[in-house]
Amino acid sequence: GVYVFEMTGTATSYALTLLFAFLPAFFLGPLCGVLADRHDRRLLMQLSDLGAAGSMAYVLLCLLFGPVALWQIYSGIALCSVFSALRSPAYKASVSDMLPPAKYEQASGLIQLASSAQFLLSPLLAGVLLSFCKIEQILLLDMLSFALAMLATSLVRPFARHAPKAPAVRHFGREINEAWQLLLANKAVLLLIGLTAAVLFLVGLLQALLGPMLLSLSDARSFGAALSVCACGLLVG
């Protein structure tokens, strides 16, 4: 996002990087949830990391054989988001494979803690790296992080292979519809989802505008430091 903003100088291009980072995962989430119910979740996470690394490799090649176009960056981000959509439900649902129900609440809290912690140092580090490294070198580090994630997943003891609840092959649409009907039947959960969606809508406005505003006033290092400070709130919460 910072690289695109520095290249174009427009808030629209920065916001579009966020859009392509979130939109594919939004649409594919239900489908990937069905896959996480049907297949080995550890394997799905490894495939996700491999695909995400490949997406960054595509952007890297576009940069090396440039000049790079915005659509190439956007398509690489979108492809990475597709594979991220595969990771999220498999990762979160794997809690039920590894722990007894009595530990679910604790595990959920620790997952939230880990999700917040990743934003604590990464933005600050990225801002520092951008000040003296080329974007190509940072993409190489990003690809290395996916390789380390695959290694970590492979070292965890094999998850229980989650068998489908119904026999033989079931239609994807039918399973998604059943999940939707379950949500509609539980008004309290539906209200909670609606409230969360409203909060995230406002957070999305902040995310789209904060970056261009800070980058117009300062540099990438200060922007990264600001994001890390913001992440302290996530961590404490």
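Above this note sits the structure.
So, how was this worked out
Residues numbered from 1 in each chain as written. Predicted model: local features only at pLDDT ≥ 70, side-chain atom pairs only at ≥ 80, totals over all residues. Heavy atoms only, no water. Core = buried A, V, L, I, M, F, W, Y, C linked by side-chain atoms within 4.5 Å. Buried < 20%, exposed > 50% of the residue type's maximum accessible area, 1.4 Å probe, protein only. Helix = DSSP H or I, 4+ residues; strand = E, 2+ residues; numbered from the N terminus. Contact = heavy atoms within 4.5 Å. Patch = residues over 30% accessible without salt bridge, like charges linked within 9 Å, V, L, I, M, F, W, Y side chains within 5 Å. Areas by Shrake-Rupley, 256 points an atom, 1.4 Å probe, with all protein chains shown as cover. Salt bridge = Lys/Arg side-chain N within 4 Å of Asp/Glu carboxyl O. Expected span 1.5 Å × (residues − 1). Bend = angle between axes of the 7 residues up to and from the residue. Axes fitted to C-alpha atoms, helices over the stretch in contact; angles between N-to-C directions. Parallel < 35°, antiparallel > 145°, perpendicular 65-115°, else oblique. Left-handed = near helix turned anticlockwise from the far one by under 90°. Nonpolar A, V, L, I, M, F, W, Y, C, P; charged D, E, K, R; others polar. Arc of directions from axis to C-beta.

**Q** Got a minute to help me understand the nonpolar core in this structure?
**A** Looking at soluble globular proteins, one finds that nonpolar side chains tend to be buried together. The biggest cluster of nonpolar side chains holds 16 residues, and the ones touching the most others in it are Met56, Leu63, Leu139 and Phe146. By residue number, the principal contributor to this core is helix 3 (residues 41–64), which donates 7 residues. Setting aside chain neighbours within four positions, we find Met56 in contact with Gly76, Cys80, Leu139, Asp142, Met143 and Phe146.

**Q** Just checking my understanding: could you explain a nonpolar patch on the surface for this structure?
**A** Taken together, the side chains of Leu141, Leu144, Leu148, Leu151 and Leu155 present a nonpolar region at the surface, about 520 Å² in accessible area. By secondary structure assignment, the location of Leu144 is in helix 7 (residues 135–155). Judged by relative accessible area, Leu144 falls into the partly exposed class, the value being 46%.

**Q** Teacher, can you tell me more about helix 2 (residues 11–38) here?
**A** Between the first and last C-alpha of helix 2 there are 41 Å, a value that for 28 residues agrees with the 40 Å anticipated at 1.5 Å per step. The largest bend in helix 2 comes to about 55°, at Gly29, with the proline Pro30 one to four residues further on.

**Q** Explain the packing of helix 3 against helix 4 (residues 70–93) to me, please; I cannot follow it from the model alone.
**A** Axis separation between helix 3 and helix 4 bottoms out at 8 Å; the angle between their running directions is 170°. Judged by the inter-axis angle, helix 3 sits roughly antiparallel to helix 4. Here helix 3 runs over helix 4; the crossing is left-handed. Grouping the constituent residues of the contact of helix 3 with helix 4 by class yields 17 nonpolar, 7 polar and 3 charged.

**Q** I'm lost on the side chain of Ser228 in this one. Help?
**A** Mapped onto the elements of the fold, Ser228 is located in helix 10 (residues 220–236). Judged by its relative accessible area of 6%, Ser228 is buried. In this structure Ser228 touches Phe119, Leu120, Leu121, Pro123 and Leu124, once residues within four positions along its chain are discounted.

**Q** How should the pattern of salt bridges be read in this particular structure?
**A** It is possible for side chains of opposite charge to pair when their charged atoms get near one another. On inspection of all chains with the given rule, the structure shows 1 salt bridge. Here Arg87 and Asp49 are joined by a salt bridge, their closest N and O atoms 3.1 Å apart. A residue pair is termed long-range when its members are at least 10 positions apart, and Arg87 in helix 4 and Asp49 in helix 3 qualify at 38 residues. A residue is classified by how much of its surface remains accessible, and Arg87, at 21% relative accessible area, is partly exposed.

**Q** It is not clear to me how the side chain of Ser81 should be interpreted in this structure. Could you clarify?
**A** Along the polypeptide, Ser81 turns up in helix 4. With relative accessibility at 2%, the residue Ser81 sits in the buried group. Discounting residues that sit within four places of it in the chain, Ser81 has contacts with Phe20, Ala21, Phe22, Pro24 and Ala25.

**Q** Explain the environment of Gln137 to me, please; I cannot follow it from the model alone.
**A** Take Gln137: it is sitting in helix 7. Distance from Gln137 to Gln181, taken between C-alpha atoms, is 47 Å for residues 44 residues apart in sequence.

**Q** Whenever I open this one, helix 10 confuses me. Can you help?
**A** Turn by turn, an α-helix covers 3.6 residues, leaving residues three or four places apart pointing in a common direction. The first and last C-alpha atoms of helix 10 sit 25 Å apart over 17 residues, in line with the 24 Å expected at 1.5 Å per residue. Of the positions making up helix 10, those classed as buried are Ala220, Phe223, Gly224, Ser228 and Ala231. The arc that holds every buried residue of helix 10, seen down its axis, measures 135°, which confines them to one face. Turned more than 90 degrees away from the buried face of helix 10 sit Val229 and Val236, all of them exposed. Tucked into the core, helix 10 has its buried residues touching helix 1 (2–8), helix 2, helix 6 (104–132) and helix 9 (187–217).

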